Amino acid sequence: MSDFLPYFDTQTLFSIQGLIRLLESEGELQDQLFARSRQAKLSNIDNIVYFRGLIEFSNACQKNCYYCGIRKSNTQVKRYTLTADEIIAAARYAHENGFGSIVLQSGEINSPAFTEFIENIIKKIHKETEGKLGITLSLGEQNEQTYLRWRKAGAHRYLLRIETSNPGLYQRLHPNDDLHSFDTRLHCLKTLKKLDYQVGTGVMIGLPFQTTTDLANDLLFMHHLDIDMCGMGPYIEHAQTPLYAYRDTLLPLSQRFQLTLKMIALLRLLMPDINIAATTALQAIDPMGREKAIQIGANIIMPNITPAKYRNQYLLYENKPCTDENADDCLSCLEARISMIKHRIGKNTRGDSLHYQKRNTQTYESHLSGKN
Ligand code: SAH
Ligand code: SF4
């Protein structure tokens, strides 16, 4: 173990060169990375996996991100939006089955009607579950007023991936207009933090034009932003998107998968007490993908509880799994899978990020001692 120490001392871990070396590691060094990230997880946040019931309630989107299968210009997508009652029923299912939290996710829409639709749904779910069901939103970029209304209605976590922390690469992945601006995305993340959301971000791994240096910078970016949660996964090409033209330049899927595991392991070492999701895109590449991620540092799973009839219309990328199963299938198979890897499910609890809890205690304490 001590032979590997120079790779894992704090100064090396927090350096671009140190991170690149570990992102490129194979064999014994990679095993060592995974052993350490696993240990960091177990000693900081134990072997508990929390569920977030994922409700992909609409694929309507005003944006045209070059990587995404439900981008506005993809005319082959049949657009749908669940009714408020359907969304609330899915939330009730999650609550009754001990999930502890839900994630409301959709394409991005900026409109007063959308803001109000979501606000009313959050209020109803919050009231019906007496505030016990955690509510995470993943609804893209919105103005401060909208974020504030949703926060007041009862949402308390927000996921907004930066996608890549390299502004130049970001620009190559998006149309060059005001709707797709790196600066706006970053500003939104800062606003969410100001409004006291638990903030989650993340990146795609194995994107066209992306380098290992970009990924190392992504890790430091997330640390610098002091995030509470992270969801990051492999980029998976989709035939009806502009980036499909670059499919021949990509790393093989198996390497994108492995690189994602290394990103998760490194983030766990840099930020031992945050929540890290084992994302569905991992499972799209390897049927045991999420379990592998949990064993090396992830602690969150987001089972899809969108009503089955809509799932085939929310294809962000190809080979998305679980599109034809019903929610019960997913729940029972997941329970068996988690115990197989010697983890426990944190049932009936929101499973808030320990990092967020500590961050708040610190702020409170420094406020009391007059430092803030
Ligand atoms: N519209 C919202 C939320 C839905 S998209 C938003 O964009 O924030 C959720 C995530 O799906 C995106 O952040 C992106 O990282 C991921 N995604 C989109 N297309 C993908 C692809 N082809 N491969 C892997 N992940 C993809
Ligand atoms: Fe819309 Fe999100 Fe897809 Fe971009 S990534 S096109 S905002 S759903």
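Data block above holds the structure.
Owing to the predicted nature of the structure, the values given are computational and were not obtained by experimental measurement.

Glancing now at the site of ligand 2. Every residue lining ligand 2 is accounted for by Cys61, Lys63, Cys65, Tyr67, Cys68, Ile70, Arg71 and Gly107. Mapping ligand 2 onto the cavity grids shows that it belongs to the largest cavity. In terms of residue class, the shell around ligand 2 is built from 5 nonpolar, 1 polar and 2 charged.

For the rest of this paragraph, the subject is the nonpolar core. Of all hydrophobic cores here, the largest spans 100 residues; its most connected members are Ile102, Leu137 and Tyr197. At 10 residues, the largest contribution of residues to this core is made by helix H11 (residues 253-270). Leave out the neighbours within four places in its chain, and isoleucine 102 touches Gly53, Ile55, Ala91, Ala94, Ile125, Leu133, Gly134, Ile135, Thr136 and Ile305. Ranked by size, the runner-up nonpolar core spans 9 residues in total, among them Leu54, Val103, Ala277 and Ile300.

With that settled, the discussion passes to the layout of surface pockets. With a probe scaled to a water molecule rolled over the atoms, the places where space remains empty come into view. Roughly 250 Å³ of volume is contained in the largest pocket. Lining the largest pocket are 19 residues; nearest its centre among them are Asn110, Glu141, Gln142, Asn143 and Glu144. Per-element tally for the lining of the largest pocket: the top contributor is helix H7 (residues 144-153), with 5 residues. Tallied by class, residues from the lining of the largest pocket come to 4 nonpolar, 10 polar and 5 charged. Roughly 200 Å³ of internal volume is contained in the second largest pocket. A breakdown of the residues in the lining of the second largest pocket according to their chemical character gives 8 nonpolar, 5 polar and 1 charged.

Turning our eyes to something else, we now look at the pairing of strand E1 (residues 48-51). Judged by which residues are buried, E1 turns out to be covered on both faces: Ile48 and Tyr50 on one side and Val49 and Phe51 on the other are all buried. Sheet topology places E1 next to strand E12 (residues 344-345); 2 bridges connect them, and they run parallel. Opposite isoleucine 48, over in E12, you have arginine 344 as the bridge partner. Two elements, E1 and strand E11 (residues 300-301), share 2 bridges in a ladder whose sense is parallel. By the bridge assignment for E11, phenylalanine 51 is matched with isoleucine 301.

Scoring rules and cut-offs
- Residues numbered from 1 in each chain as written.
- Chains lettered and ligands numbered in written order.
- Predicted model: local features only at pLDDT ≥ 70, side-chain atom pairs only at ≥ 80, totals over all residues.
- Heavy atoms only, no water.
- Near = heavy atom within 4 Å.
- 1 Å grid on protein atoms, 1.4 Å probe; cavity = no way out; pocket = protein on both sides within 12 Å on 5 of 7 lines; lining within 4 Å.
- Sits in = over half its atoms within 2 Å of the grid points.
- Nonpolar A, V, L, I, M, F, W, Y, C, P; charged D, E, K, R; others polar.
- Core = buried A, V, L, I, M, F, W, Y, C linked by side-chain atoms within 4.5 Å.
- Buried < 20%, exposed > 50% of the residue type's maximum accessible area, 1.4 Å probe, protein only.
- Helix = DSSP H or I, 4+ residues; strand = E, 2+ residues; numbered from the N terminus.
- Contact = heavy atoms within 4.5 Å.
- Points joined across faces, edges and corners; volume = space filled by probe spheres on them.
- Pairing = 2+ DSSP bridges.

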